[in-house]
Every structure is written in C-alpha cells, then in structure tokens.
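Summary of structural features
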Amino acid sequence: MKWNKTECRVFQAGLNIASRFLYWREPNTVSGPGSVDEIPSILKSMGVTKVMVVTGRHVGKSIAPAIIENICASGLDCYHFGEAESNPSTTTVFKIRDLYKEHGCNGFLAIGGGSPMDAAKGAAALITRPKKTLNQMAGLFGVLKKIPPFVAVPTTAGTGSETTIAAVITDAETHHKYAIMDIALVPRIAVLDPELTRSLPQKTTATTGMDALTHAVEAYICWTNRTKKSDKRAEEAVKLIFKYLEKAYQDGNDMEARGKMLEASFKAGYAFTRAGVGNVHAIAHTLGGLYGTPHGLANAVILPIVLEDYGAAAYPRLAKLADLVGIKGDSVEDKAKAFIAEVYAMNERMGIPKGLDVIKDEDIPQMIKWALAEANPTYPVPVVYDEAHCRRVIKIIRDKA
Ligand SMILES: [Fe+2]
C-alpha cells in the first residue's frame, strides 16, 4: 500500500497520541568490567533454570565459552546455539525456536552484536505467539504479550538491541529485511561489560559506533514521538559518541572509551525505541537484505547523505546537537551544516567510505519498495520520501562511492 505525505503525517500524529499511553520500559543494567560474572545470579533471580544461549559463530567460540562455563558451574542448565549469522534469517529464527522447545529452555541469553539478539528476540516472539508467523508480527505491536526472561549481553557498541523494541529479520526466500517492533521485545536485563568489546576490530568499532550515532540523531530529529526522556537520552548518546568513539577506534584497550560507547549505544537504543528511526535505517536495511552490507556500515555512509538531503527540515534540531558537541556556526543553518560536515569527517577519519558501490541499477526499484514500506507511514521523519525522492537519494549513495 502506498501512503502519501498527508496520510503518513496523520498516521504518525495518531501513533504519537497512542504511544503516550504505553509504558516504555528500559531494561535494568549491570555494567562495568567483569559484570558478565553476574549472569548466573541474574538468571536465577528471574527464575530461569535452563537458558538458551544464542550467539554468532565468532562470539560462540571466543567470548561465550567462559560465560557458559560459569552458568553451568552455578548449577543452571544451558543449551548453546552458536550459528546466528549477521542479518539473521527467518530460517535461523525457526531453528532457535525449535531448539528452545526441544531442550525445554525457559529463558534466553543473547550474547553478541545485534544479530544474535534479534534472532533470539524473533524466536522469543514465536514462542510467546505460536499461532502467529514472523511476517504477521512485522511492524509495530504485533506481539503484545510477555516473552520469556531475556538477558542481552552486547559485544559491540552500536546496535542498541539490548534496549530496543526491535528484532530485525531477513526473509530467507525473498531477502526482504523487516523489523518486528514491540515493547514486549525489550530485554529484561542488559549486561554492559566493556571487556567484551576489547578485541573488536577497528572497522567494527567504527561502523557500530556510527550505527549508535544514527539511532540518536534519527530519534532526535523525528517530528513527533519524541519525549523529554528520549531527547535527553539522544543528547547524552551524541555527546558520548563524539567524545569517545574515535578514542575507542584508536585504542581498543581504552576501557573507559569502550565502556562509554556501550553506555552511548544503550542510551541511543532507548531514544530510537521511543522516538523512532527514519529513512537512513529504511534504506540501510535494504542494503543488508540484498547485499549483506553490515548494518553499521550502511548507516554510517547513509546518515550524512540523508541529513544533507533533509535540508532545512532538520536544521533546527541538528543545530541543537551542534551546540551540544561544541560545533560552531553563525546561524542555525550553518551549525546544522557544520554538524553534517563533522559526521562526514568522522567517517573519513575512521576509513568509512563516502558511498556504497554494491548498489545495482536493477535492484533500485526493489530497494525503493522496501524502504518506503518500512518508513511510511510509521517513521516520523522530517521529510517523507516518495518513490522519486527515495530513488534520488539511493543514487547519491551509489554515486558517491
Ligand atoms: Fe541501527
């Protein structure tokens, strides 16, 4: 279904009113170096006796074994699924759901970047809503029922999945990447241990950090849905990212910077869960679905391009962010443009390209279709895109490469 600008704005205004009646829970956090040691007692406090541990392959072999050993030593049972891929597919989600049931688990522990968390959230949604398909739960509030106890342990600082309502899944057949968004999917507890991010490669530190920046900025420039708290969280996140992302990029052993980036990712996650993301994410998801482009990389590249494209509609809010991080300018427009220029400069200093050359001409109609289906009418973006506008922006992303 196609939505025109007026219909989108009416929908968003209605959603904004409805959202004020919901309780936007933030997960409890346990943070600091060594905080993973508290996982067994956290699980016990939630009544979990057999936990389904979900990880990707790398974390499954590097970080997870010690955590699993600790859990088993505490007398709890666990089953480890270690094959969550990036951009997790519906097939993976079904596997996790089946194994969870087969092994009689009663709680989830997702360790990793956004992918294992999203895959586990998708499985948790299927367990709590066995009569619904993933597709039927796509979009907003398709779950609306409590999921099993869920503990999230991020090993990257960016996705914010440890605090968000979103599970982003890719259809194994069509490659369509879509999000299930529901307050029920907010993890119960997030464990923010900077030691787990110590060995993150520079490139991943950069792109995941820019994903967090994208969350904070897209949430901050939404025209509706924003609250005092979401604005505060977005502002805190942007300040932390401007101060600590490049420090973490330069020196992965800087545990202060690593810890602050985990904090930033968590805060940005809350901001966008409440206020929403926007066209940057809508387009980035199409690249993840079609070409497997890492989510953070796609967002990092697309963020300044879309902000530039928004023009005057985003200037006042971007100027506020510029003030916050000490970027100077003589007018609101100057400050906003200087903020965007700084985002480009951060990307450049961290080796992130200006554009993405993977985009094929023949795929652009599909990208437009998916991006508009994701953004419209839900995302309260400063500028609603139609087909022609979306095509223009996608071509800029490709041509800048
Ligand atoms: Fe994101």
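Because the structure is predicted, anything quoted here is derived from the model rather than measured.

**What to know about the packing of helix H8 (residues 202-220) against helix H10 (residues 255-275)**
Running from amino to carboxyl end, H8 crosses H10 at an angle of 35°, the nearest separation of the two axes being 8 Å. As H8 runs across H10, the sense of the crossing is left-handed. Where H8 abuts H10, its residues Gly 209, Ala 212, His 215, Ala 216, Glu 218, Ala 219 and Tyr 220 lie against Met 261, Ala 264, Ser 265, Ala 268, Gly 269, Ala 271, Phe 272 and Ala 275. Of the residues assigned to the contact of H8 with H10, the class counts are 10 nonpolar, four polar and one charged.

**Let's talk about the sheet that holds strand S5 (residues 139-140)**
Strand order in this open sheet of three strands is S5-S8-S7, and the pairing throughout is mixed. One side of each edge strand has no neighbouring strand; the edge strands of this open sheet are S5 and strand S7 (166-170). The pairing of S5 with strand S8 (residues 177-181) spans two bridges and is parallel. Bridged to Leu 140 within S8 is Met 181.

**Side note on the environment of Ile 127**
Here Ile 127 is to be found in helix H6 (residues 114-128). A count of 17 C-beta atoms within 10 Å places Ile 127 in the partly exposed class. If we skip the residues at most four places from it in the chain, Ile 127 touches Arg 97, Tyr 100 and Pro 148.

**Focus on H6**
A rise of 1.5 Å per residue sets the reference length of H6, with its 15 residues, at 21 Å; its end C-alpha atoms lie 21 Å apart and thus fit the reference within 8%. Burial within H6 is extensive, with 13 of its 15 residues counted as buried.

**So, the environment of Lys 101**
When you line up the elements, Lys 101 lands in helix H5 (residues 90-102). Taking the C-alpha atoms as reference points, Lys 101 and Met 52, 49 residues apart in sequence, are found 9.8 Å from one another.

**Structural notes on unusual backbone geometry**
Of note, the bond from Asn 376 into Pro 377 is cis; its omega dihedral lies within 30 degrees of zero at 10°. Tracing the backbone shows Pro 377 in the loop between helix H15 (364-375) and helix H16 (387-399). Positive phi, close to 75°, is recorded for Asn 225, a residue that is not glycine. Here Asn 225 lies in the loop between H8 and helix H9 (228-250).

**Side note on the pairing of S7**
For S7, the buried fraction is high: five of the five residues fall into the buried class. Where S7 lies against S8, five bridges are found, and the strand directions are antiparallel. Bridge pairing in S8 places Val 168 opposite Ala 179. Connecting S7 to the antiparallel partner S8 that follows it, the hairpin turn spans six residues, and His 175 within it adopts a positive phi of roughly 65°.

**Some details on the domain arrangement of the chain**
When cut into domains, the chain gives domain 1 (28-197) and domain 2 (199-399). Here domain 1 and domain 2 have C-alpha centroids that lie 25 Å from each other. Broken down by secondary-structure element, the contributors of at least two residues to the side of domain 1 that touches domain 2 are S7, S8 and strand S9 (189-192). The class makeup of the residues in the side of domain 1 that touches domain 2 is 10 nonpolar, 15 polar and two charged.

**A short note on the nonpolar core**
Counting residues in hydrophobic clusters, the biggest one holds 135 residues, and the most contacted among them are Val 151, Ala 216 and Leu 318. Split by domain, this core shows at least three residues from each of two domains, domain 1 (28-197) and domain 2 (199-399).

**Here we look at the sheet that holds strand S2 (residues 50-54)**
Pairing is parallel in the open sheet, where six strands are placed in the order S1-S9-S6-S4-S2-S3. For this open sheet the edge positions go to strand S1 (28-31) and strand S3 (77-81), each flanked by a neighbour on one side alone. Strand-to-strand, the axes of this sheet are offset by a mean angle of 20°, without reference to chain direction. With two bridges connecting them, strand S6 (residues 150-154) and S9 associate as parallel partners. Residue pairing for S9: Ala 152 is matched across the bridge by Ala 190. Along the sheet face, H6 touches S2, strand S4 (108-112) and S6 and points at about 160° away from the line of S4. Its contacts with the sheet put H10 on S1, S6 and S9, and the angle it makes with S9 is roughly 155°.

**Regarding H15**
For H15, which comprises 12 residues, the first-to-last C-alpha distance of 16 Å matches the rise-based estimate of 16 Å (1.5 Å per residue) to within 8%. Turning to H15, its buried residues are Met 367, Ile 368, Trp 370, Ala 371, Leu 372, Glu 374 and Ala 375. Where H15 is buried, its residues touch S8, helix H11 (279-291) and H16.

**Examining the packing of helix H12 (residues 295-310) against H16**
In the contact formed by H12 and H16, the axes pass within 10 Å of each other and the chain directions differ by 135°. Judged by the inter-axis angle, H12 sits oblique to H16. Between H12 and H16 lies a crossing of right-handed hand. In this structure, H12 contributes Val 301, Ile 302, Ile 305, Val 306 and Asp 309 to the contact, and H16 contributes Val 393, Ile 396 and Ile 397.

Rules used throughout
Residues numbered from 1 in each chain as written. Predicted model: local features only at pLDDT ≥ 70, side-chain atom pairs only at ≥ 80, totals over all residues. Axes fitted to C-alpha atoms, helices over the stretch in contact; angles between N-to-C directions. Helix = DSSP H or I, 4+ residues; strand = E, 2+ residues; numbered from the N terminus. Left-handed = near helix turned anticlockwise from the far one by under 90°. Contact = placed C-beta atoms within 7 Å. Nonpolar A, V, L, I, M, F, W, Y, C, P; charged D, E, K, R; others polar. Pairing = 2+ DSSP bridges. Buried ≥ 20, exposed ≤ 12 C-beta atoms within 10 Å, placed from the backbone. Expected span 1.5 Å × (residues − 1). Domains from an automatic or database assignment. Core = buried A, V, L, I, M, F, W, Y, C linked by C-beta atoms within 7 Å. Parallel < 35°, antiparallel > 145°, perpendicular 65-115°, else oblique.

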